[in-house]
Amino acid sequence: MSPVFPMLTVLSMFYYMCLRRRARTATRGEMNSRRAIESNTRALPINVEIVQYAKEVLDFSSHYGSENSMSYTMWNLAGIPNVYPSSGDFTQTAVFRTYGTWWDRCPSARLPFTRTPSTFCSQDYVELAFEEPVYPTAVHILETYHPGAVVRILACSANPYSQNPPAEVRWEILWSEAPTKVNGPQARQFTPCIKQINFPTNLIRLEVNSSLLDYYTELDAVVLHGVKERPVLSLKTPMIDMNDIDEDEDEEKFACGMDTLNKQFSIVTLREWPTNGYFDKLPYELIQLILSHLTVPDLCRLAQTCKLLYQHCCDPLQYIHLSLQPYWARINDTSLEYLQSRCTLIQWLNLSWTGNRGAISVSGFSRFLKVCGSELVRLELSCGHFLNETCLEVITEMCPNLQELNLSSCDKIPPQAFNHIAKVGSLKRLILYRTKVEQTALLSILNFCSELQHLSLGSCVMIEDYDLIASMMGAKCKKLRSLDLWRCKNITESGIAELASGCQLLEELDLGWCPTLQSSTGCFTNLARKLPNLQKLFLTANRSVCDTDIEELAANCTHLRQLDILGTRMVSPASLRKLLESCKDLSLLDVSFCSQIDNRVVLELNANFPNVFIKKSFTQ
């Protein structure tokens, strides 16, 4: 046989392997197209591109705005642009609740979960529905202020307007990147290079990380480009790049890892080996320590190698702290079922963002907690739209040691369900941001949960009398250290007086956008005198804050680190200088839209107090 034939065989095999590698990310249409291009037997089909703005905002994790208006809310992302291409701070845009790392530096900050994969850095999300399902060819994000927060774009196989829900909901990552610092706050159209997918979609999800931003990011609109028929490769499609292989392997490892979470952990028949090598000589505790640095998918994969490591990977001590939020798109009832036997000692559990669109059922969640809830101390359930009254009842019955409960943006829980929380008398942290908790249930919680140290009631619009709530806090919650009353509409100086008198350990207080508080009543002066331990105080958008209030803070709250007085017309540069001279630990001062504090004053204060970040927003 001529030596050329073995060489051709090797080359053919290599070419075949490359095509197989490309097939992991390419669609069947792309593979057919490549063959068509190479054989030149048929022309590329003509596929008209459809351009559409978001029709509706379906879900989101947080926003700066109110539940009862459109200013700074996520709902502004629906429809055509309101602001773009203008730059600046505009109320007609979508704004998330936080930016930078300021919220991680205050008394209410929570300890992070370990084992979070480096590829997951999302802090917030918003889901958008479009009219027509298409195969995406481009996604344009119109950012009008402090761009650079978007870190991931995903597409969903489920059609939110279909009458027949799919048997399986798939999410595919169109684009993903680590947070990057963008120079300048100016508007831009962000158009990342997205991956082709093999199903049409009209549901797009943006995930953001604002930790590197100097101020709130503002989004104006999202444009989806796509075609109705599955696209084929154009003649410009590059040949296979060997650098792509590593990226393909990373995506395959993630998918494989989460599949094994549901399947491979249940395998009891593993390969037999006469010895386990040097692992037999290592102490059990040392192997456990080494494995504690692995992510959940890595544990799943390692469990398939041998019986010894299977035993270590299934040890409940590996699951004392477990965050499933990074894998929200793949977690379902089956995942929880296979994890049950390994989570009997679990103390911290993060199920935030998981279980939506039927992935986790009430019965599946209940079964898991009945087996694994006895040792739970911390339970994160942010944006868990599968939660109902039964779930809260199970939590309070099965988790007697619970100290921290996060129900942020769980807006599907009915108002009466919150009464069950009062049974958990050991609670120290309760987050009810954007929930439908009502006054009666909240009063019961405050009455029986006297150990509370951190309480978030931001944007809880169904509470009728915040003065009564504040009075109960002052009487029962003497250990309260942080309180979030963001956008509480009806608290007055009476409630503030009761709160300040009874909760003198308060270190953090958010009264942003509380329009019924007036400086002329002496409420802010009273706060400053009664709460000397304050480190963070937000008086955002209170037009009545004046020099007297600032001077009282300077005299009494010398530990102050963060102060937001956005929007006041009554504060002068002189009072701010007194504050900055007295509060040596002050690191954040927001004077946006303060009419007496112009850019010249900000520059002067920055020069004299270089350790303080002084924020001054602008509108073009």
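One numbering rule holds for all chains: residues counted from 1, following each sequence as written. For a predicted model such as this one, the threshold for reporting local features is a pLDDT of at least 70, and the threshold for listing and counting side-chain atom pairs is 80 or more; totals across whole chains, interfaces and linings nevertheless cover every residue. Each side-chain value is worked out from all heavy atoms of the structure, with water and hydrogens disregarded.

- Per an unreviewed UniProt entry, the recorded name for the protein is F-box and leucine rich repeat protein 4, and the organism is Cyanistes caeruleus.

## What about the overall build of the protein?
Right, on to step 1. Secondary structure elements follow DSSP: runs of H or I of four or more residues count as helices, runs of E of two or more count as strands, with numbering from the N terminus. A count of helical and extended segments in the protein gives 16 helices and 21 strands.
Right, on to step 2. When the 620 residues of the protein are sorted by exposure, 52% land in the buried category.
Right, on to step 3. Summarising the internal contacts of the protein: among those between residues at least 6 apart in sequence, 80% fall at separations of at least 24. Accessible area is worked out with a 1.4 Å probe on protein chains only. A residue is then buried under 20% of its type maximum, exposed over 50%, and partly exposed in between. Whether two residues are in contact is decided by their heavy atoms: any pair within 4.5 Å suffices.

## Section: unusual backbone geometry
Right, on to step 1. Of the consecutive residues Tyr84 and Pro85, the connecting peptide bond is found in the cis state with omega at 15°.
Right, on to step 2. As for its placement among the helices and strands, Pro85 is situated in the loop between strand E2 (56–60) and strand E3 (94–95).
Right, on to step 3. Unlike most non-glycine residues, Arg115 shows phi in positive territory, near 65°.
Right, on to step 4. Structurally, the position occupied by Arg115 is in the loop between E3 and strand E4 (124–145).

## Here's the deal with the pattern of salt bridges
Right, on to step 1. Each salt bridge in this description consists of a side-chain nitrogen of Lys or Arg and a carboxyl oxygen of Asp or Glu lying within 4 Å of one another. Per the stated rule, a full pass over the model turns up 25 salt bridges.
Right, on to step 2. When the shortest N-O distance is used, the salt bridge between Glu172 and Arg170 registers 3.2 Å.
Right, on to step 3. A relative accessible area of 22% means that Glu172 is categorised as partly exposed.

## Focus on the layout of surface pockets
Right, on to step 1. Here the second largest pocket defines a volume of roughly 1,400 Å³.
Right, on to step 2. Surrounding the second largest pocket, 43 residues form its lining, Trp103, Asp104, Arg110, Gln123 and Asn406 being those nearest its centre.
Right, on to step 3. For the lining of the second largest pocket, the elements supplying multiple residues, two or more each, are strand E12 (378–380), strand E14 (429–431), strand E15 (454–456), strand E16 (482–484) and strand E17 (508–510).
Right, on to step 4. All residues other than Ala, Val, Leu, Ile, Met, Phe, Trp, Tyr, Cys, Pro, Asp, Glu, Lys and Arg, Gly among them, are scored as polar; the first ten of these are nonpolar and the last four charged. Of the residues that constitute the lining of the second largest pocket, the class distribution is 14 nonpolar, 18 polar and eleven charged. Only protein atoms enter the 1 Å grid used here. Points where a 1.4 Å probe fits but cannot escape make up a cavity, open sets with protein on both sides within 12 Å along at least five of seven lines make up a pocket, and a residue lines them when an atom lies within 4 Å of a point. Grid points are joined across faces, edges and corners, and a volume is the space filled by probe spheres set on the points.

## Focus on the sheet that holds strand E20 (residues 588–590)
Right, on to step 1. We treat two strands as partners when DSSP finds at least two bridges between them. Taken together, twelve strands build an open sheet; the order of strands is E10-E11-E12-E13-E14-E15-E16-E17-E18-E19-E20-E21 and the sheet is parallel. The open sheet has two edge strands with one neighbour each: strand E10 (321–323) and strand E21 (613–615). Between one strand axis and the next, the sheet turns by 5° as a mean value, whatever way the strands run.
Right, on to step 2. Across three bridges, strand E18 (residues 536–538) lies against strand E19 (residues 562–564) in parallel orientation. Across the sheet, Lys536 pairs through a bridge with Gln562, a residue of E19. Every axis corresponds to a line fitted to the C-alpha atoms, with the helix fit spanning only the stretch in contact, and the corresponding angles, defined between N-to-C directions, vary from 0 to 180 degrees.

## What about the packing of aromatic side chains?
Right, on to step 1. Ring pairs shown here join Phe, Tyr and Trp side chains whose ring centres sit within 6.5 Å, with only the six-membered ring taken for Trp; geometry is labelled stacked below 30 degrees between planes, edge-to-face above 60, and tilted in between. Within this structure, the stated rule accounts for 20 aromatic pairs.
Right, on to step 2. Aromatic pair Tyr64 and Tyr72: ring centres 5.1 Å apart, planes at 80°, arrangement edge-to-face.
Right, on to step 3. Take Tyr64: its relative accessible area is 4%, and that puts it in the buried class.
Right, on to step 4. On the basis of relative accessibility, which here comes to 8%, the residue Tyr72 falls in the buried class.
Right, on to step 5. Seen from their ring centres, Tyr99 and Tyr215 are 5.2 Å apart, and the 55° between their planes marks the pair as tilted. Within this pair, whereas Tyr99 is found in the loop between E3 and E4, its partner Tyr215 is found in the loop between strand E8 (201–208) and strand E9 (218–227), the two being separated by 116 residues in sequence. Side by side, Tyr99 and Tyr215 carry an identical accessibility label, which is buried.
Right, on to step 6. Here the aromatic cluster, defined as three or more aromatic residues joined through ring pairs, consists of Tyr64, Tyr72, Tyr99, Trp103, Tyr145, Tyr215, Tyr216, Trp486, Trp513, Phe538 and Phe618.
Right, on to step 7. Should the NZ of a Lys or the CZ of an Arg lie within 6 Å of a ring centre and within 35 degrees of the ring normal, that charge is described as sitting over the ring. One residue, Arg105, lies across the ring of Trp102, its end atom 4.4 Å from the ring centre.

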